Amino acid sequence: MAEKGLFQTSDLVPLLAERGVHLSREQVFRLVTQPPQRLSMDTFAALCDVLGCTPNDLIEVVAVAEQVAKTASAGRRPAGGAPAGPRRTTIRRPEGL
């Protein structure tokens, strides 16, 4: 943004509007200051046009290796979700029999 002379997030509002993307000042502020969870392709294309950059300049892909904790019973449950193996049951007989 600074390379284009844009030093406030509100400077983007009219530039995006010229390209058919109508966002509030608050929405543009969040878009610039926080990584968005979702972003329309129209908004993304307009940002690239305004800033004179490519999508690769705006997105950094980071691969994160996530370890999954394994337990002793992992993978041993039948499709119904009940635990495998014997299950202790108490049989109660009705009184008077």
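Residues numbered from 1 in each chain as written. Predicted model: local features only at pLDDT ≥ 70, side-chain atom pairs only at ≥ 80, totals over all residues. Heavy atoms only, no water.

Novice: What's the story with the overall build of the protein in this structure? I'm lost.
Specialist: When you go through the protein residue by residue, the secondary structure sums to 4 helices and 0 strands. Across the protein, helices and strands are ordered from the amino to the carboxyl terminus as α-α-α-α. Counting across all 97 residues of the protein, residues that qualify as buried make up 15%. Of the roughly 8800 Å² that the protein leaves accessible, carbon and sulfur atoms contribute 51%. (Helix = DSSP H or I, 4+ residues; strand = E, 2+ residues; numbered from the N terminus. Buried < 20%, exposed > 50% of the residue type's maximum accessible area, 1.4 Å probe, protein only. Areas by Shrake-Rupley, 256 points an atom, 1.4 Å probe, with all protein chains shown as cover.)

Novice: I'm lost on the nonpolar core in this one. Help?
Specialist: One recurring pattern in soluble globular proteins: nonpolar side chains tend to sit buried together. Formed by Leu 6, Leu 12, Leu 16, Val 21, Val 28, Leu 31, Ala 46, Leu 47, Val 50, Leu 51 and Cys 53, the largest nonpolar core amounts to 11 residues. Elements supplying a minimum of two residues to this core: helix H1 (12–18), helix H2 (25–33) and helix H3 (41–51). It is H3 that provides the largest number of residues to this core, a total of 4 residues. Not counting the four nearest positions on each side in its chain, Leu 51 is found in contact with Met 1, Lys 4, Leu 6 and Leu 58. (Core = buried A, V, L, I, M, F, W, Y, C linked by side-chain atoms within 4.5 Å. Contact = heavy atoms within 4.5 Å.)

Novice: Would you mind going over the layout of surface pockets with me for this structure?
Specialist: Gaps left between atoms show up when a probe the size of a water molecule is rolled over them. When its volume is computed, the largest pocket comes out at roughly 310 Å³. If you go around the largest pocket, the residues you meet are Met 1, Leu 12, Leu 31, Val 32, Pro 36, Leu 39, Phe 44, Leu 47, Leu 51, Leu 58, Ile 59 and Glu 60. The element best represented in the lining of the largest pocket is H3, accounting for 3 residues. Tallied by class, residues from the lining of the largest pocket come to 11 nonpolar, no polar and 1 charged. Approximately 230 Å³ is the volume attributed to the second largest pocket. Taken together, Leu 23, Gln 27, Arg 30, Leu 31, Gln 34, Pro 35, Pro 36, Gln 37, Arg 38, Leu 39, Ser 40 and Thr 43 make up the lining of the second largest pocket. If you tally residues by element for the lining of the second largest pocket, the top one is H2, at 3 residues. (1 Å grid on protein atoms, 1.4 Å probe; cavity = no way out; pocket = protein on both sides within 12 Å on 5 of 7 lines; lining within 4 Å. Points joined across faces, edges and corners; volume = space filled by probe spheres on them. Nonpolar A, V, L, I, M, F, W, Y, C, P; charged D, E, K, R; others polar.)

Novice: I'm lost on the environment of Leu 23 in this one. Help?
Specialist: Among the structural elements, Leu 23 can be located in the loop between H1 and H2. Overall, Leu 23 belongs to the partly exposed group, its relative accessible area being 22%. Taking the C-alpha atoms as reference points, Leu 23 and Val 13, 10 residues apart in sequence, are found 6.6 Å from one another. The contact partners of Leu 23, leaving out residues within four places of it in the chain, are Val 13, Leu 16, Val 28, Leu 31 and Thr 43.

Read these as layout, nothing more, since geometry by itself doesn't imply function.
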